[in-house]
Amino acid sequence: MTNIHPVQFADSLTSNIKLREKFIRAYVDKTVNSMDVDDIIHAFADQLWDDIESDIRKNGADSAVEDAVYYFPDLMEQEFSVVDPD
């Protein structure tokens with residue numbers, strides 16, 4: 001295989017869906033296989049934090065609160081006194 005510059009490879013990923021999927025799969029698999037369970041959980045928590053923070057800034061907090069009330073009603077009631085009347 002001929003060596004390719006990282007910038008050229010990045011351009012290829014932008015335009016080639018099959019190559020992009022292969023890269024993402026390989027990158028994620030390598031990342032997961034090089035981490036222990038605690039690292040994976042912390043990485044997931046960091047990503048979840050970033051996603052929720054971004055979503056609230058862009059779209060407001062309705063979706064995040066709705067999810068929290070649905071999945072963790074005890075948390076919402078005990079920590080924030082939020083109770084779904086339904």
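Everything that follows concerns the structure shown earlier in this document.
Presented here is a report on the structure given in the accompanying data block. These numbers come from a predicted model, not from an experiment. Note that residues are indexed from 1 along each chain, following the sequence as it is written. Residues qualify for local features only when their pLDDT is at least 70, as the model is predicted, and side-chain atom pairs are given and counted only at 80 or more; totals for whole chains, interfaces and linings, by contrast, use all residues. Side-chain calculation: all heavy atoms of the structure are included, whereas hydrogens and water are not.

When helices and strands are counted, the chain shows 5 helices and 0 strands. Taken across its 86 residues, the chain has 5% of its residues classed as buried. Note on areas: Shrake-Rupley with a 1.4 Å probe; residue coverage comes only from the protein chains shown. With the model as given, the accessible surface of the chain reaches about 8,000 Å², and the carbon-plus-sulfur share is 56%. Numbering of helices and strands starts at the N terminus; helices are DSSP runs of H or I of at least 4 residues and strands are runs of E of at least 2. Partly exposed describes any residue whose relative accessible area lies between the buried limit of under 20% and the exposed limit of over 50%, with all areas from a 1.4 Å probe on protein chains only and scaled to the type maximum.

What follows is about the pattern of salt bridges. Put simply, a salt bridge is a Lys or Arg side-chain nitrogen that is within 4 Å of an Asp or Glu carboxyl oxygen. Enumeration according to the criterion identifies 1 salt bridge in this entry. One salt bridge connects Arg57 with Glu53, and the closest N-O pair in it is separated by 2.8 Å. Highlighted residues: Arg57 and Glu53, both in helix 3 (residues 37-59), separated by 4 residues, approximately one helical turn. Owing to a relative accessible area of 68%, Arg57 belongs among the exposed residues under this scheme. Classification of Glu53 as partly exposed rests on a relative accessible area of 33%.

Before going further, it helps to spend a moment on the layout of surface pockets. For each structure, a 1 Å grid was placed over the protein atoms alone; sets of points admitting a 1.4 Å probe that cannot get out are labelled cavities, open sets with protein on both sides within 12 Å along at least five of seven lines are labelled pockets, and lining residues have an atom within 4 Å of a point. Grid points are joined across faces, edges and corners, and a volume is the space filled by probe spheres set on the points. Reported here for the largest pocket is a volume of approximately 430 Å³. Looking at the largest pocket, it is lined by 15 residues, and the ones nearest its centre are Leu48, Ile52, Ala64, Ala68 and Leu75. Within the residue set of the lining of the largest pocket, elements represented by two or more residues are helix 3, helix 4 (62-71) and helix 5 (73-80). The dominant element in the lining of the largest pocket, judged by the number of residues it contributes, is helix 3, at 6 residues. For this classification, Asp, Glu, Lys and Arg are treated as charged, while Ala, Val, Leu, Ile, Met, Phe, Trp, Tyr, Cys and Pro are nonpolar and the rest, including Gly, are polar. Within the lining of the largest pocket, the residues separate by chemical class into 12 nonpolar, no polar and 3 charged.

Like-charged residues are merged into a patch within 9 Å and nonpolar side chains (Val, Leu, Ile, Met, Phe, Trp, Tyr) within 5 Å, provided each residue has over 30% relative accessible area and no salt bridge. The sign given to each residue is positive for Lys and Arg and negative for Asp and Glu; His and the chain ends receive no count. Throughout, a charge is located at the NZ atom of Lys, the CZ atom of Arg, the CG atom of Asp or the CD atom of Glu. Together, Asp62, Glu66, Asp67, Asp84 and Asp86 line one region of the surface with negative charge. With respect to the helices and strands, the residue Asp62 is situated in helix 4. According to the relative accessible area criterion, Asp62 is exposed, its value standing at 65%.

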